[in-house]
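Each chain, letter by letter, is given below.
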Amino acid sequence: MTIDWQKQAEKYRDQYLSDLKELISIPSVRDDEHKTDDYPLGEGPAKALQKFLSFGERDGFTVKNLDNLVGYIEYGSGEQTFAMQSHADVMPAGDGWETNPFEMTEKNGNLYGRGTSDDKGPGLAAYYGLRMLKDNGILPKMKIRLIIGTDEESDWTGMKHYFEVEPQPTLGFSPDAEFPLINGEKGNAAYETTFGKTNGAEYTLKEFDSGLRTNMVPGNATALIETDNNEKFVDAFTDFLDKQPLSGDIKATGDGIAVHLIGKQAHAMAPENGINAGTYLAAFLNQFNFEGAAKQFLSFIAEYLHDDTRAHKIGVNHVDDVMGELTMNVGIMKFDFRTGGLVNTNFRYPKGINDTQILQALLKVADKLGGEVKEISHMVPHYVDPDDPIVKTLLAVYAQQTGAKDVKPEVVGGGTYARMMPRGVAFGALFPGTQDTMHQANEFQPINDLLKAMAIYGQSIYELTAK
Ligand SMILES: [Zn+2]
């Protein structure tokens, strides 16, 4: 059977765009404060899942919602299962948007909105790829499931639930990263370092707040300071802004001096692409005479973490020939004079080093500063043999449709659902050359890229399940 996959994708354009618009309009950010028995992660993630499943139902697929945490759209039958793992939740919007992040907006052929690139756009493209089989009457030799999680951006609650209650898929891919293909993912470990609440008299750190998530470079940081040396402090801040690649403001309030720094958000797997407003603010404040736990909190960030995405200062920098460099993100920094300080660090590490060694390194520094460290999450590195058909077939389809030469699988620091399957890889939908705006303000994806991805997904599913 010969199918012109790209032509097929073009035929779906209007319906795809209208479905995607609906998905983007649901602010499916995990919201623990408003969780209920029916909505264990808050209403948004479940509503987006339900909406996604409703498309499958509309188009005549078997669908199942597992407790509003995860669901799947199924086609075909057989003992083996081919899985595609996508997610309907999104990162918080953050600041700096030029359009409403929850209203899909088209500008110059690009679709703007939270989730256009990560992962509603690509997940829906995979869904339309699956539709190509069904709409052409092609029956696969195995069961195909598009599994939709609702908590990819935090703890993978939904996808873990799926793997607990449903049989293990045989092989598959996650359309939640980039082309050509990712067959290796670094280990991922997060730690929380906590400090006490004691403070000094000359400079008092009342509050410090930066970062929303462990997997995001904070774009904003604020602090509230009390001091009698107002003028000196304000002058130093102005001077700091002149010299550093950040903007900000400073003002006197009834409670003290409020400082605000604006850096640049980025994904934690490539922290060098961001400007960490929190570590910069700590570095600025660290030059003043703070005392006690406040001082320890600031110097931990400023002296051991700031401007060091490869973690040289704490001594865990490591490079592996196949899997690349260890990277570190400082995702959350908080201090409150009533409750104390907290610093959340996230490491993506290759083989050759492990999470215990990183913990030891953090403990060594924290010990000196009166802090305490605990590991809060961990995933081991993942690697699929480049000769496995899941890698070879997908790369061949990609090369055939794009004309790309010499395509090779890659290893990244991002963790995708693919690592949950021994034969799982990440495949698209960000093309080389397209700007990566995942987890950032003004997230977008070109329409043509999404349609190209859809065509690649259609053929890939066909080659791996029906041929
Ligand atoms: Zn994603």
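Residues numbered from 1 in each chain as written. Predicted model: local features only at pLDDT ≥ 70, side-chain atom pairs only at ≥ 80, totals over all residues. Heavy atoms only, no water.

As annotated in an unreviewed UniProt entry, the protein chain carries the name M20 family peptidase PepV and comes from Lentilactobacillus farraginis DSM 18382 = JCM 14108. UniProt, in the comment section headed Cofactor (unreviewed entry), describes the protein chain in these words: "Zn(2+)". (UniProt positions renumbered as here; feature names shortened; annotations may be inferred.)

The next point concerns the packing of helix α6 (residues 277-285) against helix α7 (residues 292-304). Following both chains from N to C, one finds α6 and α7 inclined at 115 degrees, their axes separated by 8 Å at the closest point. Put simply, α6 runs roughly perpendicular to α7. Of the two elements, α6 crosses α7, and the hand of that crossing is left-handed. Contacts between α6 and α7 pair T279, A282, A283 and L285 from the former with L298, I301 and A302 from the latter. The class makeup of the residues in the contact of α6 with α7 is six nonpolar, one polar and no charged. (Axes fitted to C-alpha atoms, helices over the stretch in contact; angles between N-to-C directions. Helix = DSSP H or I, 4+ residues; strand = E, 2+ residues; numbered from the N terminus. Parallel < 35°, antiparallel > 145°, perpendicular 65-115°, else oblique. Left-handed = near helix turned anticlockwise from the far one by under 90°. Contact = heavy atoms within 4.5 Å. Nonpolar A, V, L, I, M, F, W, Y, C, P; charged D, E, K, R; others polar.)

The next thing to look at is the sheet that holds strand β26 (residues 444-446). Taken together, the three strands give an open sheet; going across it, the order is β4-β5-β26, and neighbouring strands pair in antiparallel fashion. In this open sheet, the two strands that pair with only one neighbour each are β4 (105-107) and β26. When strand polarity is set aside, the average angle formed by the axes of neighbouring strands in this sheet is 25 degrees. Sitting on the sheet, helix α10 (residues 447-465) touches β4, β5 (110-112) and β26, and the angle it makes with β26 is about 70 degrees. (Pairing = 2+ DSSP bridges.)

Where helix α2 (residues 43-58) contacts helix α3 (residues 120-135), the axes come no closer than 11 Å and their chain directions differ by 15 degrees. Judged on the interaxial angle alone, α3 and α2 are roughly parallel. Taken as a pair, α2 and α3 cross one another with a handedness that is right-handed. Counting all contacts with α2, which are made through A48, F52, F55, G56 and R58, the residues of α3 involved are K120, G123, L124, Y127, Y128 and R131.

Moving on: the coordination of the zinc ion. Protein coordination of the zinc ion is provided by H87 (NE2), D118 (OD), D176 (OD) and D176 (OD), with donor distances spanning 1.9 to 2.6 Å. Coordination at the zinc ion comes from four donor atoms whose angles at the metal span 53 to 144 degrees, giving a geometry best classed as irregular. Overall, the relative accessible area of 0% leaves H87 in the buried class. Look at D118 and you get buried, because its relative accessible area is 4%. (Donors = N, O, S within 2.8 Å, 3.2 Å for Na, K, Ca; no water. Tetrahedral: all angles 85-135°; square planar, octahedral: opposite > 155°, others 65-115°. Buried < 20%, exposed > 50% of the residue type's maximum accessible area, 1.4 Å probe, protein only.)

Domain annotation for the protein chain reports domain 1 (5-185 + 382-465) and domain 2 (188-379). When each unit is reduced to the centre of its C-alpha atoms, the spacing between domain 1 and domain 2 is 33 Å. Between domain 1 and domain 2, the contact holds 24 residues from the first and 13 residues from the second. Buried area between domain 1 and domain 2, both sides added, is near 1600 Å², and the carbon and sulfur share of it is 57%. (Domains from an automatic or database assignment. Buried area = accessible area lost by both parts, 1.4 Å probe.)

The next subject is the pattern of salt bridges. Counting across every chain of the model gives 25 salt bridges. We note a salt bridge from D59 to R58, for which the minimum N-O separation is 2.9 Å. Judged by relative accessible area, R58 falls into the partly exposed class, the value being 40%. A single network of salt bridges, built from pairs that share partners, joins D19, R58, D59, R131 and D135. (Salt bridge = Lys/Arg side-chain N within 4 Å of Asp/Glu carboxyl O.)

Turning to its location among the elements, D118 is positioned in the loop between β5 and α3. For D118, which is buried and forms no salt bridge, the nearest opposite charge comes from R114, at a distance of 7.1 Å. Excluding residues that lie within four positions of it along the chain, D118 makes contacts with H87, V90, E153, D176, M438, H439 and E443. (Lys, Arg positive; Asp, Glu negative; His and termini not counted.)

Summarising burial for strand β2 (residues 70-75): six of the six residues are buried, a large majority. Both faces of β2 are covered, namely the face carrying V70, Y72 and E74 and the face carrying G71, I73 and Y75. In the sheet, strand β1 (residues 62-66) pairs with β2 via five bridges, with the strands oriented antiparallel. In the sheet register, N65 faces β2, and the bridge partner there is G71. Between β1 and β2, which pair antiparallel and follow one another directly, the connecting turn spans three residues, one of which, D67, has a positive phi of 60 degrees. Both β2 and strand β6 (residues 143-149) contribute to a ladder of six bridges, which runs antiparallel. Its bridge partner lying in β6, E74 is registered against R145.

Turning our eyes to something else, we now look at the sheet that holds strand β15 (residues 256-262). Spatial ordering of the open sheet is given by β14-β15-β13-β11-β19-β20-β10-β21, a layout of eight strands whose pairing is antiparallel. Strand pairing shows two members of the sheet lacking a second neighbour, β14 (247-253) and β21 (372-379), which therefore form its edges. Averaged over all pairs of adjacent strands, the angle between their axes in this sheet comes to 20 degrees, without regard to strand direction. Bridge count for β14 against β15 is seven bridges, and the pairing is antiparallel. Bridge pairing in β15 links A252 to I257.

On to unusual backbone geometry, then. A cis amide bond links D118 to the next residue, D119, at an omega of 0 degrees. In this structure, D119 sits in the loop between β5 and α3. Between G428 and the following residue, A429, the backbone shows a cis peptide bond with an omega angle of 10 degrees. By the secondary structure assignment, A429 is in strand β25 (residues 429-430). One non-glycine residue, D67, lies in positive phi territory at about 60 degrees.

Taking 1.5 Å of rise per residue, the 13 residues of α7 would be expected to cover 18 Å, and the 17 Å separating its terminal C-alpha atoms lies within 8% of that figure. Inspection of α7 places A293, A294, F297, L298, S299, F300, I301, A302 and Y304 among the buried residues, and these make up the whole buried set. Against β10 (187-195), β11 (203-210), α6, β19 (327-336), β20 (340-349) and α8 (355-368) lie the buried residues of α7. (Expected span 1.5 Å × (residues − 1).)

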